[in-house]
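The lines below spell out each chain.
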Amino acid sequence: MSAVTAAPPLHRAEPVRGGTTLTGTWSLVRFILRRDRVRLLVWSLGIPLLYLGSLPEYTTMLDDSEGQAVRAALVSSPAMVAMTGPGYGTDDYTVGPALANELTLWVVIALAVMSILQVVRHTRAEEESSRSELVRAAAVGRHAAVVAALFVVLVVNAVIAVLSAAVLAAADLDLTDALGMTGGIAVAALTYGAVALVAAQVTEHSRGATGLSMAVLGATFTVGTIGNMQEPGGTWLSWLSPIGWAQQMRAFVDLRWWPAAIGVVVIVLLLLAASSLASRRDFGAGLVPDRPGRADALDSLRSPGALAWVQQRMALLWTGLGLGIMWLAMGTVASDVPELTKTLQDNPVYASVLGAGDPVAGFLRIIVLYAALGAAVYGIVAMLRAKAEEDAGRAEYVLATPVARGRWFGATLGISSAATVVVLVVGVAAGAAGAVFTGLSDPSFGAILGAGLLYLPALAVFVGFTAAVYAWAPRAASVSWVLLEWAIVVALFAGLFHIPEWAQKISPFWWVPDSLSGDVDRGHVGGLCAVALVLVVLAFVGFRRRDVATR
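Every chain's residues receive numbers from 1 upward, in the order its sequence appears when written. Where totals are concerned, whole chains, interfaces and linings use all residues; where local detail is concerned, this predicted model gives features only for residues with pLDDT of at least 70, and gives and counts side-chain atom pairs only at 80 or more. Only heavy atoms go into the side-chain values, all of them from the structure, while hydrogens and water stay out.

Trainee: Whenever I open this one, the overall build of the protein chain confuses me. Can you help?
Mentor: In this text, helices come from DSSP runs of H or I with a minimum length of four residues, and strands from runs of E with a minimum of two, each type numbered from the N-terminal end. Along the protein chain, the regular secondary structure elements total 24 helices and zero strands. Any residue under 20% of the maximum accessible area for its type is buried, any over 50% is exposed, and the rest in between are partly exposed; the area is computed with a 1.4 Å probe on protein chains only. Counting every position in the protein chain, which comprises 551 residues, the buried fraction comes to 49%.

Right under this line is the structure:
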């Protein structure tokens, strides 16, 4: 008979005493910095390098008083105000005022997108993937993740602001004004990061939090732009946008710091709101719960195409609605363009950027371009949904059923392409409707819509390129954003920065003919269609040849 050995007594872990809701914040900050060190380094160096690359273009203005006057007149036009700023310093348009007026808007938007994605990535996305549950099992306070995410965004924006100011100061610009410009941009971008914190408490999914935050960015951009276009220096509408707060600091003209204080107050209020909302919801849930679905799927939903549609329908709805309202508001300004551009009719630089001839057509051309850019962003995001499904392991489950690879991949590609068309058509139609509602009859609604439809082959190239890169090299799928960024630079700043024509041709949008000011080049349209077709074929071939990620 063998003796039974008694098990050793279990030792209970000592409870952590003195903990608060912020316990573990610094550990999470270090973890985020380590995890995203490459991503954050690229942002921290990329923006200062953008200033460094732009400076030669602006420094050439120093010895050209006539060129300064021409450029000042150009950026005072309504279409260029929509792409730059309220126009402070145009009476003496030297390097400093030109930099502040023309770059502030786009740097704020870029850093705002970075801040939104970074905050959602380390808050709602972590809860959605259940990784936060593992972290919270340790000695980590309830609000630690929220504060850590926003603190990292604060540090990154501050580093970018300091490095960018140093670059501008090295070019003999006033350091105080440089810090005012870059600091105002950092505060504006951080405000959108705080908006993302609140959105992460409202919705249960990271896509929803990102969508809500981007909607706020789009709405404030539209409101601020309308305010800037109404009169030089902006109106009260300009103050409703964080972008406007950065522009109203008047760097290199009449620097004032108090607009940045508005942003600081709003950030604190949003942080308190996010903290309060986080305390009132269940972990992993949002304040707005998802509705329970049906117990059994309808027969019409039992296909890869139906699955792709269900995954994208809400994003399509809110994107189309948000962008449609934006372009509708922009279109209502079209009828006032002739009165606002009387002094620019014979300006050769104005003609090179906005096109010679009717200034109204030039303004509408910008709206159509913006609508196409918005559709391109949606198309890339929608196509990358396939990568997200594969990374999460859900694609593996679908392909384990009697569903062919090509059918699943083609369903995502088809729904993404169709949704991109919808976003473009809604945006262009909304802008045209806004112009028609204010009494504009030339160009007609049909002419404006036709000009927008000519962007469809270029959008097909963007979606096809994204699909091809994902199919052959999933880890490099983000390269598609590089192509889009270059297309934005070419579309908006090719004339101002004198980009060589061979470099402009890399952008698919360069090949889109302008039906509002001339004949349509069918060769360009056909070439874009052929490139898109080749990319789609390559995408299908690549996806069939490689292994699907498994978990």
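Additional details are given in the paragraphs that follow.
Trainee: Sorry if this is basic, but what is going on with the environment of L369 here?
Mentor: Its place among the elements puts L369 in helix α16 (residues 359-383). We call two residues contacting when some pair of their heavy atoms lies within 4.5 Å. Those residues in contact with L369, other than ones at most four positions away along the chain, are Y455, A491, L492 and F509.

Trainee: For this particular structure, what's the right way to read the packing of helix α5 (residues 95-121) against helix α10 (residues 206-230)?
Mentor: Axis separation between α5 and α10 bottoms out at 10 Å; the angle between their running directions is 160°. The orientation of α5 with respect to α10, classified from their angle, is roughly antiparallel. In the crossing of α5 with α10, the sense of the turn from one axis to the other is right-handed. Judged by residue contacts, L105, I109, A112, V113, I116, L117 and V120 of α5 engage S206, A209, T210, S213, M214, L217 and F221 from α10. Residues belonging to the contact of α5 with α10 are distributed by class as follows: eleven nonpolar, three polar and no charged. To obtain an axis, a line is fitted to C-alpha atoms, over the contacting stretch when the element is a helix, and the angle between two such axes runs from 0 to 180 degrees between their N-to-C directions. We call two directions roughly parallel when the angle between them is under 35 degrees, roughly antiparallel when it is over 145, roughly perpendicular when it lies between 65 and 115, and oblique otherwise. For a crossing to be left-handed, the near helix must be turned anticlockwise from the far one by less than a right angle; the clockwise case is right-handed. Three categories are distinguished: nonpolar for Ala, Val, Leu, Ile, Met, Phe, Trp, Tyr, Cys and Pro, charged for Asp, Glu, Lys and Arg, and polar for the others, with Gly belonging to the last.

Trainee: What is the right way to read the nonpolar core from this model?
Mentor: The nonpolar side chains of a soluble globular protein tend to be buried, and buried together. Ranked by size, the top nonpolar core spans 138 residues in total, and within it Y51, W327, L364, Y370, W408, F409 and F509 carry the most contacts. Excluding residues within four positions of it along the chain, Y51 makes contact with L103, V107, S164, V167, L168, M181, T182 and I185. Buried residues of nine kinds, namely Ala, Val, Leu, Ile, Met, Phe, Trp, Tyr and Cys, make up a nonpolar core once their side-chain atoms join them within 4.5 Å.

Trainee: Which parts of the structure should I look at to understand the packing of aromatic side chains?
Mentor: Ring pairs (aromatic) are described by centroid distance and by the angle formed between their planes. Note on ring pairs: Phe, Tyr and Trp rings are taken, using the six-membered ring of Trp, and paired if centres are within 6.5 Å. Classes follow the plane angle, with under 30 degrees stacked, over 60 edge-to-face and the rest tilted. With the rule as written, the count across this model stands at twelve aromatic pairs. Within the aromatic cluster, the residues linked to one another by ring pairs are W408, F409, Y470, F540 and F543. A ring is considered to have a charge above it if a Lys NZ or an Arg CZ atom is located within 6 Å of its centre and within 35 degrees of its normal. In this structure, R405 is placed above the aromatic ring of F543, and the distance from its NZ or CZ to the ring centre is 5.8 Å. Sitting above the plane of the Y470 ring, R546 keeps its charged end 5.0 Å from the centroid.

Trainee: Is there a simple way to explain unusual backbone geometry in this structure?
Mentor: One can expect most non-glycine residues to show negative phi and most peptide bonds to be in trans. Positive phi, close to 70°, is recorded for D172, a residue that is not glycine. Turning to its location among the elements, D172 is positioned in the loop between α8 (144-170) and α9 (175-202). Among the residues examined, D172 registers a relative accessible area of 74% and is labelled exposed. Unlike most non-glycine residues, F252 shows phi in positive territory, near 65°. Relative to the assigned elements, F252 resides in the loop between α11 (242-247) and α12 (258-279). A residue is classified by how much of its surface remains accessible, and F252, at 16% relative accessible area, is buried.

Trainee: For this particular structure, what's the right way to read the packing of helix α13 (residues 304-331) against helix α19 (residues 405-437)?
Mentor: Two quantities define a packed helix pair, namely the angle between the helix axes and the distance between the axes. At a minimum axis distance of 8 Å, the contact between α13 and α19 shows a crossing angle of 20°. As the angle between them shows, α13 and α19 are arranged roughly parallel. The interaxial crossing formed by α13 with α19 has right-handed handedness. Tallied by class, the residues present in the contact of α13 with α19 amount to 18 nonpolar, eleven polar and one charged.

Trainee: What is the right way to read α9 from this model?
Mentor: For an α-helix, the turn length of 3.6 residues means that residues three or four places apart are oriented alike. With 28 residues, α9 should reach 40 Å at 1.5 Å per residue; the first-to-last C-alpha distance of 41 Å fits that figure. With 23 of 28 residues buried, α9 is to be regarded as a mostly interior element. Among the residues of α9, the N-terminal cap falls to D174, whose side-chain oxygen and the backbone nitrogen of T176 are separated by 3.1 Å. Expected span, for any helix, means 1.5 Å times one less than how many residues it has. Here a polar contact is taken to be a pair of N or O atoms separated by no more than 3.5 Å, where protein atoms must pair a possible hydrogen donor with a possible acceptor and residues adjacent in sequence count only if both atoms sit in side chains.

Trainee: Help me understand the pattern of salt bridges in this model?
Mentor: Once their charged atoms are close, side chains differing in charge can pair, the charge on each being opposite to the other. Throughout this description, the term salt bridge denotes a Lys or Arg side-chain nitrogen within 4 Å of a carboxyl oxygen of Asp or Glu. Tallying each qualifying case throughout the model produces five salt bridges. One salt bridge connects K387 with D391, and the closest N-O pair in it is separated by 2.8 Å. Of this pair, K387 and D391 both sit in helix α17 (residues 385-391), separated by four residues, roughly a single helical turn. Put simply, E390 and R546 hold a salt bridge, and the shortest N to O gap is 2.9 Å. Placement of the pair is E390 in helix α17 and R546 in the segment after α24 (522-545), with a sequence separation of 156 residues. R546 carries the same exposure label as E390, and that label is buried.

Trainee: Would you mind showing me how to read the side chain of T210 here?
Mentor: Following the sequence through the fold, T210 ends up in helix α10. Owing to a relative accessible area of 18%, T210 belongs among the buried residues under this scheme. Beyond its immediate stretch of four places on either side in the chain, T210 contacts L117 and V120.

Trainee: What is the right way to read the environment of V223 from this model?
Mentor: Structurally, V223 can be placed in helix α10. Given the relative accessible area of 28%, V223 is considered partly exposed. Considering only alpha carbons, one finds V223 and G244, 21 residues apart in sequence, at a separation of 9.4 Å. Apart from the residues within four sequence positions on either side, V223 is in contact with L237 and L240.

Trainee: So what exactly am I meant to see when it comes to a nonpolar patch on the surface here?
Mentor: On the surface, L41, L45, L49, L52, V155, V159 and L163 cluster together into a nonpolar patch covering about 570 Å² of accessible area. Of all the secondary structure elements, the ones that give two or more residues to the nonpolar patch are α2 (37-59) and α8. When residues of the nonpolar patch are assigned to their parent elements, the largest contribution, four residues, is made by α2. Position of L41 among the secondary structure elements: in helix α2. Each patch is built from residues lacking any salt bridge and having more than 30% relative accessible area; the joining distance is 9 Å for like charges and 5 Å for nonpolar side chains (Val, Leu, Ile, Met, Phe, Trp, Tyr). For every accessible area listed, the method is Shrake-Rupley and the probe measures 1.4 Å; residues are considered covered only by the protein chains on display.

Trainee: Any chance you could explain the confidence of the model for the protein chain here in plain terms?
Mentor: Scored by pLDDT, the protein chain has a mean of 81; 83% of the residues are at 70 or more. What pLDDT reports is the predictor's confidence in each residue, on a scale of 0 through 100. Predicted confidence in the protein chain is weakest over helix α15 (residues 348-354), with a mean pLDDT of 49, and strongest over helix α21 (residues 456-472), with 93.

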